[in-house]
Amino acid sequence: MIGKVLSLLTLATAALFAAGDMAGGTKADELNVPAVVMFFIFVAATLGITYWAAKRTKSAKDFYTAGGGITGVQNGTAIAGDYMSAASFLGITGMVYLKGYDGLIFSIGFLVGWPIILFMLSEQLRNLGKYTFADVTAYRLKQKPVRILSALGSISVVILYLIAQMVGSGKLIEILFGLDYEFAVILVGALMVLYVAFGGMLATTWVQIIKAVLLLAGTTFMSIMVMAKFGFSFEELFTAATKVHPLGDAIMTPGGLVSDPISAISLGIALMFGTAGLPHILMRFFTVADAKEARKSVFVATGLIGYFYVLTFIMGFGAIVLVLGAEGNIYWDTATNTLKGMNNMAAVWLAHAVGGDYFLGFISAVAFATILAVVSGLTLAGASAISHDLYANAFSTGNVDEKKEIRVSKIATIGIGIAAIIFGIAFEKQNIAFVVALAFTIAASANFPVLFMSIYWKKLTTRGAVLGGYVGLISALVLVILGPVVWTEILGNGAAIVPYKFPAVFSVPLAFLAIWFFSITDKSEDAQRCIDEFDAQDVRCQTGIGSEGAVAH
Amino acid sequence: MTHEQAEQIKHNPKYQELVSKRSKFAWTLTIIMLVVYYAFILFIAFSPETLGESMSGGITTIGIPIGIAIIIFAFAMTGIYVKRANGEFDDLLREVKKDLEKEMK
């Protein structure tokens, strides 16, 4: 097994170097040597970690949760690594660059879900669950239907979120290496499959931790450089930005992105409760030893993420002045009349503006590392939903051999990798922060209500959870498809049937209502059993007695 | 865990104290966070110009310090919860577990 892994890793590395050479051969003038060097160092280091992790990943528990031996601080940093995605780094900086204040609205929405997760879900998840959040929803309900529902919710969110990451990575590598967009997307897909399939959660966690540290160091440096140019005065930075930006003073006020009240409230619901329904985030609470470490994780993660979002705001405004307003328009593509590589590249060009070629190389490599870390976490969550929830618990009768279950998750990893590549290419032209918002809408409408009610509401029945969950999932999907992003921008069908980009304000209450209604009208035997078993679940949820302990490595 | 064990734990006064204190605390903090965030969202929805008002006459609008303050507030809330939960509540939980062990003997 190990020999096979090693030879595969060597092969992959060789293929990567070949790809680098190819780019150098065709577009040598555009090749960014420091970026390429740093990128290869990162890839080599993470493949080394994957090799190390592969030797320690024997059981299903190792594969899904790194044996439960991650500390709170490590896990918090890894959560931050998972959450500070390309959509956050490139997308939000790009949004601040494009719209000013409105970018901050997204940052705040992405952040305020975290305290709610801490108060309502994190320790409860740790005490009740094992590998995936479906372990919690299916705790006292009927396994099969609830597992299938949760797995579908997970997979939908994972695929959408993956699309956003793939688009960001494709654009970035296209510019950085001069490679074709399609080739870049395939490269990312191949690497994430390697990390996840061989290294499991342990490798994924360490890729996320390293990336979080690199990203925070890079963005801190960039923000300090920006502020130094304006004498560390926000007033001077903002004044300079409003002079350069075509929207002028309007960038200091909310309004451009969320123009009507319903959209604003709906966006708020999607971002806040969506975070609490992201499968790759929920999964991270099973990697720590106990509830105490789970809480610490959220504290560390919230601090790092909050700090990072303040930096994206500074960087966005910095990009307005130093990239958009750069002398000689060096970052401007006059053929398309946009920023070179579109708005999502604002952060990358800012790196060049404040730190020159070498720092541009560093930030490009970090941005790429960011994408690899996030897609690995997503892929692992998607593969777990398929192997643990669908294969092992919903469709297999009797006990499943652990080795077989791990093999299924590896096959699922490859399948998700292929799907991510295909979708990544199809969605090339979308603003990636919007695609993430769509993923959040589904997470908030399908995953969160069922999870929340299964922990807190005694009278929840299997029927209520399943029908309510599907009402949330389907209404979110339908409303998104009929909305402006898919109906108008992607399908080109003209004016949208549903005028809201974020339909969470309708789909989330609808899901809760359906869960309530179909539970209280359920008079079956199974319903009574679900209600009877609540007390035992609640005691374990409150105390952690009987929950999975940690395994030392 | 059997139904009998669950019943036994549920009747432990320390367990009841832990659960009631912790849920009350968690719900209070949740509601505070929701109020703060949705107040902000409602301003964006119905009165964006309020957040666009100038701070002390310059170009900086009051929406900017308010936005940053919400981020810091969210972090502070997690700190407050973790401190009490990992201290007071976990101590109570340890006592509950000790009681249980005694009763098992």
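So, here's what we can say about the structure. Since this is a predicted model, take the numbers as computed values, not measurements. (Residues numbered from 1 in each chain as written. Chains lettered and ligands numbered in written order. Predicted model: local features only at pLDDT ≥ 70, side-chain atom pairs only at ≥ 80, totals over all residues. Heavy atoms only, no water.)

Under the defined criterion, the tally for this structure stands at 34 aromatic pairs over all chains. Consider the rings of F39(A) and F40(A), whose centres lie 5.1 Å apart with planes at 45°: the pair is tilted. Judged on exposure class, the residue F39(A) and its partner F40(A) are both buried. Aromatic pair Y37(B) and Y38(B): ring centres 5.0 Å apart, planes at 65°, arrangement edge-to-face. Through pairs of rings, three or more aromatic residues link up here, namely Y83(A), F89(A), F106(A), F110(A), W114(A), Y161(A), F308(A), Y309(A), F440(A) and F502(A). The cationic tip of R84(B) hangs over the ring face of F25(B); the distance from NZ or CZ to the ring centre is 4.6 Å. (Phe/Tyr/Trp six-rings, centres within 6.5 Å; stacked < 30°, edge-to-face > 60°. Buried < 20%, exposed > 50% of the residue type's maximum accessible area, 1.4 Å probe, protein only. Lys NZ or Arg CZ within 6 Å of the ring centre and 35° of its normal.)

Scanning the entire structure with this criterion turns up 17 salt bridges over all chains. Two residues, E123(A) and R295(A), come together in a salt bridge whose shortest N-O distance is 2.9 Å. One end of the pair, E123(A), is in helix α6 (residues 102–128); the other, R295(A), is in helix α13 (residues 291–324), and 172 residues separate them in sequence. Like R295(A), E123(A) is buried. Between E95(B) and K14(B) there is a salt bridge, and its shortest N-O distance comes to 3.7 Å. One end of the pair, E95(B), is in helix α4 (residues 63–104); the other, K14(B), is in helix α2 (residues 13–46), and 81 residues separate them in sequence. Taking relative accessible area as the criterion, E95(B) reaches 34% and is therefore assigned partly exposed. The class of K14(B) is partly exposed, set by a relative accessible area of 27%. (Salt bridge = Lys/Arg side-chain N within 4 Å of Asp/Glu carboxyl O. Helix = DSSP H or I, 4+ residues; strand = E, 2+ residues; numbered from the N terminus.)

Let us now look at the packing of α6(A) against α2(B). Interaxial distance between α6(A) and α2(B) falls to 10 Å at its minimum, and their mutual angle equals 165°. The pairing of α6(A) with α2(B) is recorded here as roughly antiparallel in orientation. Read as a crossing pair, α6(A) and α2(B) show a hand that is left-handed. Residues I105(A), I108(A), G109(A), V112(A), P115(A), I116(A), F119(A), M120(A) and E123(A) of α6(A) lie in contact with α2(B), whose contacting residues are R22(B), A26(B), W27(B), L29(B), T30(B), M33(B), L34(B), Y37(B), F40(B) and I44(B). (Axes fitted to C-alpha atoms, helices over the stretch in contact; angles between N-to-C directions. Parallel < 35°, antiparallel > 145°, perpendicular 65-115°, else oblique. Left-handed = near helix turned anticlockwise from the far one by under 90°. Contact = heavy atoms within 4.5 Å.)

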